[in-house]
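# Structural overview for review
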Amino acid sequence: MSAGACFHCALPVDPRDQYHVEIDGEQQPVCCPGCKAVAELIRDTGMSNYYAMREAPQPGAGRPADDAAEWQVYDREDMLAAFAESSDGTAEATIYVGGMYCAACSWLIETTMARVPGVLSADINPVTHRLRASWHTDEIGLGGILATLANLGYDPQPLAPESAARPELLEQRAALKRLLVASLGMMQVMMFAVGLYAGDFQGMEPDMQYFLRWVSLAVTTPVVFYSARPFFRSAWRGVIARAPGMDLPVSIAITAAFAGSIYATLTKAPAVWFDSVVMFVFFLTLGRFLEMRARHRSIDRSTALSNVLPNTVTRCGEDGQTTIPSSQLVAGDLVLVRPGESIAADGILVDGDTAVDEALLTGEATPKPKSIGDPLLAGSINLDGIIQFRVESTGSDTTLGTISRMSERARYARPTYVQIADRIASTIVFAILIIAAAVGTFWYITAPDRAFVVTLSVLVVTCPCALALATPAAFAAAGTRLAQLRLLVTNGNAIEALARSTCILFDKTGTVTRGAPVIEEIEILDDTFDEKQCLRIAAALETVSTHPIASAFRATGNDVAISDQGVAVGDGVSGTIDSQVWRLGRASFVDGQQSRLGRAGFVDGQQSRLGRAGFVGAASAATVAAKAAPTISATGIYLGVDGRLVARFSISDELREDAADTISHLAELGLHVGLISGDGEAAVQHTAGKLGIADYHANCSPEDKLEIIRAAQRNGEIVIMVGDGINDAPVLAGADASIAPAHGAMLAQTNADIVLVGDSLGSVATAVLLSRQTMKIVTQNLAWAIVYNATALPLAALGYVPPWAAAIGMSASSLIVVLNALRINRFGAP
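Our subject in this report is the structure included herewith. Everything numeric here is computed off the predicted structure, so don't read it as measured data. (Residues numbered from 1 in each chain as written. Predicted model: local features only at pLDDT ≥ 70, side-chain atom pairs only at ≥ 80, totals over all residues. Heavy atoms only, no water.)

### Side note on the sheet that holds strand S23 (residues 635-641)
Spatially, the six strands line up as an open sheet ordered S19-S24-S23-S22-S21-S20, and their pairing is antiparallel. With one partner strand each, in any of the chains shown, strand S19 (518-524) and strand S20 (563-568) form the two edges of the open sheet. Strand-to-strand twist of the sheet, defined as the mean angle between neighbouring strand axes without regard to direction, takes the value 20°. Relative to strand S24 (residues 644-652), S23 runs antiparallel, the two being bridged by seven bridges. Along S24, the bridge assignment pairs Ile-637 with Phe-649. (Pairing = 2+ DSSP bridges. Helix = DSSP H or I, 4+ residues; strand = E, 2+ residues; numbered from the N terminus. Axes fitted to C-alpha atoms, helices over the stretch in contact; angles between N-to-C directions.)

### With respect to helix H25 (residues 681-691)
Summarising burial for H25: eight of the eleven residues are buried, a large majority. Those residues of H25 that fall on the buried side of the exposure criterion are Glu-681, Ala-683, Val-684, Gln-685, His-686, Thr-687, Ala-688 and Leu-691. In the segment just after H25, Gly-692 is the residue with positive phi, at about 75°. (Buried < 20%, exposed > 50% of the residue type's maximum accessible area, 1.4 Å probe, protein only.)

### Regarding unusual backbone geometry
Despite not being glycine, Asp-88 shows a phi value in the positive range, around 55°. Its place among the elements puts Asp-88 in the loop between strand S3 (85-87) and strand S4 (90-98). Relative accessible area serves as the criterion here: at 81%, Asp-88 is assigned to the exposed category. With a phi close to 50°, Asp-578 is a non-glycine residue in the positive phi region. Among the structural elements, Asp-578 can be located in the loop between strand S21 (572-577) and strand S22 (580-585).

### Here we look at the nonpolar core
Leu-498, Ile-504, Phe-506, Leu-666, Leu-675, Ile-739 and Val-764 are the most contacted members of the largest nonpolar core, which totals 57 residues. In terms of nonpolar packing, the next biggest core, distinct from the first, is built from 55 residues, Val-223, Ala-228, Ala-264 and Met-292 among them. (Core = buried A, V, L, I, M, F, W, Y, C linked by side-chain atoms within 4.5 Å.)

Pasting the structure below:
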């Protein structure tokens, strides 16, 4: 430790301070009274060896908290219920201990906690930094344990019981233990096998040969009965369900080789196959473990997101500020958030100005300024001022909870491609068993001494593990990588559809535009009303709408009494004010002349601009239209009462910064790009021109958009629809694959196959590229599996492949497809 540094925490010591502590007869400098007190506690309790055992600490590590009184709140009954499991006067909790930096910290914590009255046990995992403590509740509380850790200079954080033991972690730990046993067993048995093989060539005393066989049996037994247990369980389930899977031939092969080796050992036969058994089990277990980790990475991301939520929050009420578990928050609560703290629920900012970091949710690294009235998302970090927000949704109803729920749904969805591969693998299992029986019969007749060995090799070498893993491993890796790139896959079939897509259609408002429209101009059509009245009425009507355009009116405020509100999807909104029926939306909807207008020419086909040959059967004039695009880009929204037009609002919305580049990139990928929108001809034509989109439709209702998609599909197109996940739900459902940009409350209602979490439209191109890469890898894996089995089966049946080589070949084949699938994890955004 450098001179002038604190002996306890390694922070610089101010020369003006004169704090010292005597350790092992020497005066050591410390930086503050807290470090002095902790060092004296360690010395006086006879634990000075801590300083000799520890590694060099990071500066500041181990410095005690300035105020330990904050931990007393955890002694309350509600806190104990939230973070501990209690019964019969004792409690047990898991605590994350921040600030640990070496093994000596584990020793210090366990030794100190053992001397605290009331503590029954304290076991710490130095790898995960988690302390499992139990105590008598009538002698000490959870707050006392946390305060003890804080006084030692650590940063303790109690974990809720459900976050302490996740099922996937238990599965992973069990699989890792089985892999460890299999790897150790394989290494040892292979060492013995080298001696046995050498003895076959150079000669060996029979007693030594039998000794090595018995030792190999002893080492192989736990590998078979522990590491290979999942194979046996899975095989038995398949037999009971009359749907045998790939683990059936695996189990038969392991059992036959192991039983045959035991028989050969007992009867002193010429050969044993313990080395083949352990190699087979090890490589299979390794392949399954890698495939499992690919599946768990998506769970890891969801868990990482949920871990940013605070365990406790400061709730403001009539009785002042109270610290409560964040799980007790309900809608309407007022919560205080200090700088650096994370936001525990979705809500609205009601006091203070700040900037928040939403990088974990949206991928945007730039802090977003927030002022009164702005929404706040659970999981974002308050960076600047002290703020208060009103809770609107908690737990699974928040944006963060919705992301986790969508990820969970995607994990359990089995794409059609995977189901087909499973059925093929199941059929191959029957074929393998029949072929193995036929081969065994042939060799039993022609060369009985080789029948068992050849049949065993056939069973092992032809196991369809590679075929069964080829597709699910790739799809699991793809789903994980898409989630890392802020693309939530809610339908596993979307990846295949995206890979085969030939056409992509974009909605306009909120998709290629920012979705933050503003009112540019108000044209009064009825002198009975003024602009202020029209704005107030329009704002009242839009309170029931989820369309992005509605946000332009909500900014004006709403103080109008309204009833009988309704939404005509694709047309507008309506409501009754002072016994009069008001409407806001298309002119045809507002004045009731929709049939006469024919949706601005859509019915007679004159608005069609999707001119790809055979696409919708209309000739294209789009290129000329795009070049002649007008400068006016505003969308016209009409307000009317009792069928009479009152006002026209011109609404404009900026294009997303990366919209043009994304469209260009998609075109370079060979996709035909179109724009379909419910907005007027001028606005859609202008947007299409700006983006370089030659084919477009204007004045489309959701039904019109759906018909365009169906017409394209009838002409052989594989269509992707990118649009509003709420208002365009039927359209998204009708496309072969659908993508929706969604934020906040909209996320929970989206019906898209893939959801863009963030502001970048470039993720659409990323999804297409990654899907194509995924299907390419699936094709490679299937081709490899077929070629391998077609080559290996004849060789094994002819007796050219010994069991050990069959085990290596089959296992290597499985590892190759899994490792090839994991390449998807390195896929980068374009």
